[in-house]
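Fold and geometry: a report
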Amino acid sequence: MNVLVINAGSSSLKYQLLDTTSGEVFAKGNCERIGIDGSFVGHEERGGEKSKLEVALPDHKTAIKHVFEILDQAGFDTDKIEGIGHRVVQGGWYFPESKVVTDETLGWVREVAPLAPLHNYAEADVIEICRELFPSIGNVIVADTSFHYNIPEKAWRYALPRDVVDKLHIRKYGAHGTSHRYIWRKTKELLGDDVHKLVSCHLGSGASLSAIEDGHDMDTTMGLTPLDGLIMGTRCGSIDPATVCYLVREGGYTIDEVDTMMNKQSGLLALSGISSDSRDIEAGAERGDANCQMAFDMFYYRTSQLIMEMAQAMHGFDTMAFSAGIGENSDVMRAGVAKELEWMGVKIDPEKNKVRSDEPRVISTDDSKIRVLVVPTNEELMIALDVEELLGK
Ligand code: AMP
């Protein structure tokens with residue numbers, strides 16, 4: 001089935017056109033700076049060069065029209081698109097699984113938008129535009145929170161007054177669910193009956209872990225929002241929640257400033273003082289920069305600590321899988337996290353760890369107590385497979 005996957009942000013729109021049977025990607029790209037000066041579309045076709053088209057994109061509707069035009073110009077008959085999958089950041093309590101777009105399900109995306117205002121409103125607008133422009137193509141909502149919705153109550157509930165959490169729908173929702181679901185699927189394909197309890201480690205500029213027991217999510221590290229849990233590129237991850245009150249009361253910061261500080265100015269960027277990108281920090285640490293080394297040491301420590309939290313959710317684990325930008329590419333980071341876990345028998349093979357490949361692979365030694373894998377994630381394929389399942393029949 002030919003599926004167009006759309007990942008819309010407030011000023012951007014990523015797209016990928018793929019075939020669910022072969023997994024082959026015909027084209028992909030990104031519309032950037034929508035509604036801002038200097039907008040452009042970056043586009044890439046199978047086996048082709050990347051191109052950049054500077055074009056006015058005053059709104060998301062113009063951006064989507066451009067995407068269809070570019071695909072047509074590239075020789076792909078857009079009439080052959082059989083479904084559109086939309087990544088939605090926050091599904092709230094309405095999307096324990098992916099759902100076909102109707103007036104009702106689209107309304108739900110907007111109803112839960114206060115939980116993720118920077119994303120959900122734009123995503124809902126884009127879904128509406130697709131329905132209007134291409135009424136014959138079905139649309140599917142794939143929420144990033146779905147996979148985590150059925151974790152046990154002891155894992156999702158917050159110890160705050162019940163009337164408050166009920167009224168404001170406060171709970172652990174998690175994120176990266178589509179990626180964790182894909183990582184489980186690929187791990188299972190590779191290991192078969194050898195995997196039951198997996199700690200899935202999605203380590204990119206955003207980072208989260210998921211405890212997956214026989215395909216069911218048992219806990220995850222992100223919370224009400226994607227700020228919780230691990231140290232990330234620019235996000236601080238878990239800290240004492242009273243820090244927020246202290247910054248406001250004693251530091252004189254506004255709530256919005258604290259929000260920006262914790263989401264955009266913290267994490268690896270704040271610790272290293274130079275960059276949120278692990279490549280720059282690695283180079284800094286090699287030069288002997290103590291702040292960069294501390295950024296890495298803290299990343300290893302927090303990640304291994306939270307891996308243990310995930311293990312507790314399953315009363316043990318047999319496999320862990322590294323994925324996303326850092327997890328797939330940085331042998332240094334993988335080795336650092338594994339070293340923290342050496343005390344409990346995690347051993348990775350340095351040679352296997354150094355291999356670069358797009359294929360899922362085992363990097364632990366034969367005598368490691370826990371199997372360690374690298375599993376390149378593919379959220380777009382996972383979204384497209386949901387579209388096929390819901391619309392294909
Ligand atoms: P993601 O959000 O999954 O796209 O991951 C982006 C992050 O992955 C970047 O900010 C880098 O920190 C990291 N990354 C990407 N490529 C590499 C690489 N070749 N080596 C080390 N880290 C990388």
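This is a predicted model, so every value here is computed, not measured. (Residues numbered from 1 in each chain as written. Predicted model: local features only at pLDDT ≥ 70, side-chain atom pairs only at ≥ 80, totals over all residues. Heavy atoms only, no water.)

Topic: the sheet that holds strand β11 (residues 216-220)
Reading across from one edge, β11-β10-β9-β12-β14-β13 is the order of the six strands in this open sheet, with mixed pairing throughout. Every other strand in the sheet has two partners, leaving β11 and β13 (361-362) as the edge strands with one partner each. Across four bridges, strand β12 (residues 319-323) lies against strand β14 (residues 371-374) in parallel orientation. The residue bridging T319 from the neighbouring strand is R371, located in β14. Here helix α11 (residues 290-314) sits on the sheet and contacts β9 (197-203), β10 (207-213), β11 and β12; the angle it forms with β10, its principal contact strand, is near 25 degrees. (Pairing = 2+ DSSP bridges. Helix = DSSP H or I, 4+ residues; strand = E, 2+ residues; numbered from the N terminus. Contact = heavy atoms within 4.5 Å. Axes fitted to C-alpha atoms, helices over the stretch in contact; angles between N-to-C directions.)

As for helix α10 (residues 278-286)
Along α10, the residues classified as buried are S278, I281, E282, G284 and A285. The arc that holds the buried residues of α10, viewed along the axis, is 160 degrees, so those residues lie on one side. Exposed side of α10, more than 90 degrees from the buried face: R279 and E286 are the residues found there. In this fold, the buried residues of α10 make contact with α9 (267-272), α11, α12 (324-329) and α13 (331-340). (Buried < 20%, exposed > 50% of the residue type's maximum accessible area, 1.4 Å probe, protein only. Arc of directions from axis to C-beta.)

Notes on the site of the ligand
Around the ligand, the neighbouring residues are G204, S205, D277, S278, R279, A324, G325, I326, N329, S330 and R356. Here an oxygen atom of the ligand sits 2.9 Å away from a polar atom, N or O, in the side chain of S205. One of the side-chain nitrogen or oxygen atoms of D277 is found 3.5 Å away from an oxygen atom of the ligand. Within the complex, 71% of the 500 Å² of free accessible area of the ligand lies under protein. Of all elements in the fold, only α10 and α12 reach the threshold of two or more residues within the shell around the ligand. Considering every element that reaches the shell around the ligand, the biggest residue donor is α12, with four residues. Per-class residue counts for the shell around the ligand are two nonpolar, six polar and three charged. (Near = heavy atom within 4 Å. Polar contact = N/O pair within 3.5 Å; in protein donor to acceptor, adjacent residues only side chain to side chain. Areas by Shrake-Rupley, 256 points an atom, 1.4 Å probe, with all protein chains shown as cover. Nonpolar A, V, L, I, M, F, W, Y, C, P; charged D, E, K, R; others polar.)

Notes on the packing of α11 against α13
Look at α11 against α13: their axes get within 8 Å of each other, and the N-to-C directions meet at 55 degrees. Taken together, the axis directions place α11 and α13 in an arrangement best described as oblique. In the packing of α11 onto α13, the handedness of the crossing is right-handed. Contacts from F296, F299, Y300, Y301, T303, S304 and I307 in α11 reach V332, M333, G336, V337 and E340 in α13. Among the residues forming the contact of α11 with α13, the class breakdown is eight nonpolar, three polar and one charged. (Parallel < 35°, antiparallel > 145°, perpendicular 65-115°, else oblique. Left-handed = near helix turned anticlockwise from the far one by under 90°.)

Here we look at the side chain of R171
As for its position among the elements, R171 is in the loop between α5 (162-168) and α6 (177-191). There is no salt bridge for the buried R171, and the closest opposite charge comes from D217, which lies 8.0 Å off by N-O distance. Of the polar contacts made by the side chain of R171, one reaches the backbone oxygen of Y149; its length is 3.2 Å. When residues no more than four places from it in sequence are discounted, the contact partners of R171 are H148, Y149, I151, W156, Y158, G223 and L224. (Lys, Arg positive; Asp, Glu negative; His and termini not counted. Salt bridge = Lys/Arg side-chain N within 4 Å of Asp/Glu carboxyl O.)

Topic: unusual backbone geometry
Of note, the phi angle at D214 is positive, near 45 degrees, even though the residue is not glycine. Along the chain, D214 turns up in the loop between β10 and β11. One non-glycine residue with positive phi stands out, namely A324, at about 70 degrees. With respect to the helices, strands and loops of the structure, A324 is situated in helix α12. Overall, A324 belongs to the buried group, its relative accessible area being 6%.

Quick look at the pattern of salt bridges
Applying the stated criterion to the full structure yields 16 salt bridges. The partner of E153 in a salt bridge is R157, with the nearest N and O atoms 2.7 Å apart. Since its relative accessible area comes to 41%, E153 is described here as partly exposed. In this structure R157 comes out as partly exposed when scored by relative accessible area, which is 26%. Across the salt bridge formed by D219 and K172, the nearest N and O atoms sit 2.8 Å from each other. Taken together, the residues D219 in strand β11 and K172 in the loop between α5 and α6 connect sequence positions 47 residues apart. K172 matches D219 in its accessibility class, with the two residues each being buried. What you see here is one network of salt bridges that share partners, running through R110, D125 and E128.

A look at the sheet that holds strand β5 (residues 50-54)
Strand order in this open sheet of eight strands is β5-β4-β3-β2-β1-β6-β8-β7, and the pairing throughout is mixed. Looking at the sheet topology across the chains shown, the edges are occupied by β5 and β7 (99-100). Here strand β1 (residues 2-8) pairs with strand β2 (residues 13-19) via seven bridges, running antiparallel. Across the sheet, V3 pairs through a bridge with L18, a residue of β2. Contacts from helix α1 (residues 60-73) reach β1, β2, β3 (25-32), β4 (40-45), β5 and β6 (83-88) within the one sheet, and its direction differs from that of β2 by about 35 degrees. Its contacts with the sheet place helix α3 (residues 117-133) against β1, β2, β6 and β8 (138-143), and it is angled at close to 170 degrees to β6.

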